[in-house]
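# Inside the fold
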Amino acid sequence: MKSNFNIQLSLDSKTKNNLYQEALKVRSHAYAPYSGYHVGASVLWSNGHITTGVNVENASYGATVCAERNAIFSGIAQTPDLKIKAICVVTDQANPWPPCGLCRQVIAEFALSDCLIILGNTQLLAQEIAFKDLFPMAFEPKHLKA
Ligand code: THU
């Protein structure tokens, strides 16, 4: 695995590589007959576990669920009350794919304050960014409290 990160955020390189390999591994399971874009995602949780997901499309295109959300929902089903330390998204596209708006809102619900977003393709880990920089001023659970 090559890496062209220019900054090192909070995770060690072995953990990042594990996350990348898990996302890469599941990417081929994506169900994307309409867009043709196969996406794999992995989530590192606050207990150290990793869960994965792929994008799942259907004939009503708008009801598609992205790889990131499926990876998050799978983690919640396995162990509730955890927080997200990092998420890795892998495609086969030259430009890294950041989580879409819907996924950002779901990530905001469960992210630790230093949550890291790692973006890669099948050749390399291309970019990393702090979630709070990717999605500043998120609408969060705290806003619902009086
Ligand atoms: N998709 C993801 O799974 N994750 C992203 O970060 C962006 C987009 C999926 C949704 C759809 O199945 C396909 O990629 C094209 O938008």
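Right, let's walk through the structure included here. Everything numeric in this text was worked out from a predicted model, so none of it was measured.

Attention now moves to the pairing of strand E6 (residues 124–130). Counted residue by residue, E6 has five buried out of seven residues, so it is predominantly covered. What sits between the antiparallel neighbours strand E5 (residues 111–121) and E6 is a turn of two residues.

This part takes up the packing of aromatic side chains. Taken as a whole, this structure holds three aromatic pairs when the rule is applied. Both rings, one in Phe131 and one in Phe135, keep their centres 5.9 Å apart while their planes meet at 50°; by these two values the pair is tilted.

All right, on to the state of the cysteines then. By the definition in use, this model includes zero disulfides. Counting only cysteine sulfurs, Cys100 is the nearest neighbor of Cys66, a cysteine outside any disulfide, at a range of 3.9 Å. Among the residues examined, Cys66 registers a relative accessible area of 21% and is labelled partly exposed. Just so you know, Cys115 is unpaired, no disulfide at all, and the nearest cysteine sulfur is the one on Cys88, 12 Å from it. Taking the relative accessible area as the measure of exposure, Cys115 reaches 1% and is therefore buried.

The first and last C-alpha atoms of helix H2 (residues 67–78) sit 17 Å apart over twelve residues, in line with the 16 Å expected at 1.5 Å per residue. What H2 keeps buried is the set Ala67, Glu68, Arg69, Ala71, Ile72 and Gly75. On its buried face, H2 is in contact with strand E2 (40–45), strand E3 (50–54), strand E4 (84–91) and helix H3 (101–110).

By secondary structure assignment, the location of Glu68 is in helix H2. The side chain of Glu68 sits in the buried core without any salt bridge; Arg69 is the nearest counter-charge, 6.7 Å away. When near neighbours in sequence (up to four residues on either side) are disregarded, Glu68 contacts Ala41, Ile87, Val89, Pro98, Pro99, Cys100 and Cys103.

Definitions and cut-offs
Residues numbered from 1 in each chain as written. Predicted model: local features only at pLDDT ≥ 70, side-chain atom pairs only at ≥ 80, totals over all residues. Heavy atoms only, no water. Buried < 20%, exposed > 50% of the residue type's maximum accessible area, 1.4 Å probe, protein only. Helix = DSSP H or I, 4+ residues; strand = E, 2+ residues; numbered from the N terminus. Pairing = 2+ DSSP bridges. Phe/Tyr/Trp six-rings, centres within 6.5 Å; stacked < 30°, edge-to-face > 60°. Disulfide = S-S within 2.5 Å. Expected span 1.5 Å × (residues − 1). Contact = heavy atoms within 4.5 Å. Lys, Arg positive; Asp, Glu negative; His and termini not counted. Salt bridge = Lys/Arg side-chain N within 4 Å of Asp/Glu carboxyl O.

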